[in-house]
Every structure is written in C-alpha cells, then in structure tokens.
Amino acid sequence: MAALPAAAQTAAPAADQPIEVRAFVASMFEIGDLTGDRAGEFQYWYENHLDGAEPIEVDGAKTPVHCNDDGVCGSVLGMGKVASSASMMAILLDPRFDFSNAYFLLTGVAGTPPSRGTIGMVSWASHLIDYDLGHRWAKDEVPAGDPLFMPRSGYEDIRRYELNPELVDAAMAASAGVELADSQEARDYRLRYPDAVAQGAPFVGTGTHMTGDTFFHGPGLSEEAQYMAELYEAADYVITEMEAAAITQVIDRLHGTDRVLSLRGAVNFDQGHPDETTLEHLDPAPGETAGGFDETLVNIERVGSTLIAQITGDWESWKDGVPSE
C-alpha cells in the first residue's frame, strides 16, 4: 500500500485524538434519569454543563462519561470505595481521554457534626482521612476514657491525604460570594440542635473529610472521627462521606494529587439532637428528616462551578498548575 501524503500523516482526524480533559466531575449516585426528575448528585452538573453531550461508554465504569466542548467531563462512579475507585481507574486508563492536565472534582452529599457544620453547607476538603484503615474495639475492653481506635501500620501513605493547599485556597476564593440555597424545612430542623453553627445558615468552609464505607452515627463515633483527625495532624473533622480517599488513591497512582479537590454538601448531622437517640436518628419517623436535600445539591453545583468556570475560562493560566495570582 502506498504511503499517505505527508499532509495526511500529520493531520489526523479529530476523532482519533484523545479528549483533553480540563475538569472532571465525579459524583457517586443518581436517583433516576440524568435530567427532568428528582435530582441525585450528578443531575445539576449534567443539566448545567453536560446536557446533550454524547455518552461515552467505558469498560469497567459504572456509567458513561459525558464531555462538553470546554473540556469538562463527568460521570457517576458508584457509591462506596470499591465501586467509585474501580470506575475512576477504568476511566483514567481509557485512551480516549487525556487526563495529563486535568483537575478532579469529587462531589456529593455528606454528613457533618453539629458542632462544626449545618444542613446545606458546602465544604472543600483540606484533608482526606480513610476512616477504615485501623483497629477498633468495644469500649468495655479498654480502661474507661481510652481511645477505641488505633492506626494500623503499613497504611501511612494512603490513610491521610493533604490536598494541595494552593488549590483549596483558590477554590475557597472562587466560591466566596456564591449565594447558597436554603429551605424553611431545613431551618426548622436545625433549631433542634443547640450548637450555634448547626442553627446557622449554610456556608462554604473547609476542613477534614472522613471517608469510610461505614455510616457512623452518634456523638461517640463523631468524637472518634475528630480524634483521628488530630492523631493524623489534619484539620478538624467537618464532613463524613464514603469515597474520596479511595478515589484519590487511584488518581494519585497515575497523576498525583495536586489537582484533586473534594467538595461535599451536608444533608444530615452525624448524630441526633439532644431529645433523639442515635437509633432514632438513624431511622427517623416521617417528618423528622433534616430537609434541604435538593437545596444542598444546588449549592454543591453552584460552589463547584465557580472554580470550573475559572479553570476552563482561563485555561492557559491553569493548564500548568494553580495560577500564582
């Protein structure tokens, strides 16, 4: 077969070029369709950034990837460490995508301790801690007041991640003026808690996100999470969620963590109010839930979109890392 002309050799069809991903939005679950019904974690991202984008099926990923013309891509990875990290690895290894300069935004709903957060708040993680990598025992098996958790050796590099402080600062600055949604139902529910921050309006903050497949509840386990944050020399524990540390470990293996962000919105407290037992908090009676779920989803997308707009709107400044100014 005759060789192609030189011009043809250098001008490969666009379809043969990998998609340059500038920002990747990872959510963990969707409730129904991607648009037009009750929203899960991905719906507002899809509707505001990716609506109409052709789904790209990826072997090994839970759902397709969607990309727009600005280099913003996103997908629903699945709930829990295994599902989410498996999907993320499959997507990262797909040669149709170029993640060499991509920023990763791991998003979803979460819980928060009433002493440091409130319903509808949104938090950029300063640190990610894996809640599950350690040893635990029952309180009656140690002297009263002793810790019930001890780290397990061998996991030092993956049990705690400090995310890029310059990137976290840039995210906080970008989202400082975002108007956050709220609801009367959430306002009424907050008043059941005596903590001033719990009773307050939603805000954008930062701190440690505690990642674990276990949905821990109650003041005792909340205190243990704070103990772990202090033990690992991280910022105060402000968010309990499931996936971010595992996904970050996957990204770290291929691209490092300098461009990873975790953004979570609080839809529940990690413990009951003073007149509610932990079991009652876990299985609330009708009308006793926190409210504000949809408003929190709105807030997550609003806050995260401010940074994505900066990244994609001035890509030449962001391509090589967080701009110095």
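Our subject is the structure listed above.
This write-up is about the structure you can find in this document. All figures in this text were calculated on a predicted structure; none of them were measured in a lab. (Residues numbered from 1 in each chain as written. Predicted model: local features only at pLDDT ≥ 70, side-chain atom pairs only at ≥ 80, totals over all residues. Heavy atoms only, no water.)

**Concerning the side chain of E276**
The residue E276 is located in the loop between β13 (260–269) and α9 (278–282) in this model. With residues near it in sequence (within four places) discarded, E276 still touches Y189, Y193 and H281. (Helix = DSSP H or I, 4+ residues; strand = E, 2+ residues; numbered from the N terminus. Contact = heavy atoms within 4.5 Å.)

**Here we look at the environment of E179**
Examined against the element boundaries, E179 turns out to sit in the loop between α4 (165–174) and α5 (184–190). Through-space distance from the C-alpha of E179 to that of E41 is 19 Å; in sequence the pair is 138 residues apart.

**Regarding the pattern of salt bridges**
Counted under the stated rule, the structure contains 12 salt bridges. A salt bridge links D130 to K81; the nearest nitrogen and oxygen atoms lie 2.6 Å apart. Within this pair, whereas D130 is found in strand β7 (residues 122–130), its partner K81 is found in helix α3 (residues 81–92), the two being separated by 49 residues in sequence. Salt bridges linked by common partners bring K81, D130 and D132 together as one network. (Salt bridge = Lys/Arg side-chain N within 4 Å of Asp/Glu carboxyl O.)

**Considerations on the packing of α4 against helix α10 (residues 293–313)**
Contact geometry of α4 with α10 gives a least axis separation of 8 Å together with a crossing angle of 110°. With respect to their mutual orientation, α4 and α10 come out roughly perpendicular. The handedness of the crossing between α4 and α10 is right-handed. From α4, L167, A170, A171 and A174 reach across to α10, where they touch T306, L307 and Q310. Grouping the amino acids of the contact of α4 with α10 by side-chain chemistry returns five nonpolar, two polar and no charged. (Axes fitted to C-alpha atoms, helices over the stretch in contact; angles between N-to-C directions. Parallel < 35°, antiparallel > 145°, perpendicular 65-115°, else oblique. Left-handed = near helix turned anticlockwise from the far one by under 90°. Nonpolar A, V, L, I, M, F, W, Y, C, P; charged D, E, K, R; others polar.)

**Some remarks on the pairing of β13**
The buried fraction of β13 is high, at nine of 10 residues. In this sheet, β13 lies alongside strand β6 (residues 103–112) in parallel orientation, the contact comprising nine bridges. If you follow T112 over to β13, its bridge partner there is F269. (Buried < 20%, exposed > 50% of the residue type's maximum accessible area, 1.4 Å probe, protein only. Pairing = 2+ DSSP bridges.)

**Description of the pairing of strand β12 (residues 237–241)**
Summarising burial for β12: five of the five residues are buried, a large majority. Pairing analysis gives four bridges linking strand β11 (residues 204–211) to β12, with the strands arranged parallel. Opposite H209, over in β12, you have I239 as the bridge partner. Viewed along the sheet, the connection from β11 through helix α7 (residues 219–231) into β12 turns out right-handed. (Right-handed = clockwise from strand over helix to strand, strands pointing away.)

**A short note on the state of the cysteines**
Tallied over the full model, the rule gives one disulfide. With a sulfur-sulfur separation of 2.1 Å, C67 is cross-linked through a disulfide to C73. On the S-S bond that ties C67 to C73, the torsion sits near 110°, and the link is right-handed. C67 gets classed as buried once you look at its relative accessible area, which sits at 14%. (Disulfide = S-S within 2.5 Å.)

**Remarks on the packing of α3 against helix α8 (residues 244–255)**
Across the interface, α3 lies against α8 with an axial gap of 8 Å and an inter-helix angle of 25°. Relative to α8, the element α3 lies roughly parallel. Where α3 crosses over α8, the handedness of that crossing is right-handed. Within the contact between the two elements, α3 uses K81, S84, S85, M88, M89 and L92 and α8 uses A246, I247, V250, I251, R253, L254 and H255. Partitioning the contact of α3 with α8 into residue classes produces eight nonpolar, three polar and two charged.

**Side note on the side chain of H209**
In this structure, H209 sits in strand β11. Within the structure, the side chain of H209 is placed 2.9 Å from the side chain of S123, a separation counted as a polar contact. Side-chain polar atoms of H209 contact the side chain of S262, separated by 3.3 Å. Look past the residues within four positions of H209 in its chain and what remains in contact with it is S123, W124, A125, H127, L128, I129, V238, I239, E241, S262 and R264. (Polar contact = N/O pair within 3.5 Å; in protein donor to acceptor, adjacent residues only side chain to side chain.)

**As for the environment of D94**
Checked against the element boundaries, D94 lands in the loop between α3 and β5 (97–98). Under the relative-accessibility criterion, D94 is labelled buried at 10%.

Any link to function would need more than the numbers given here.
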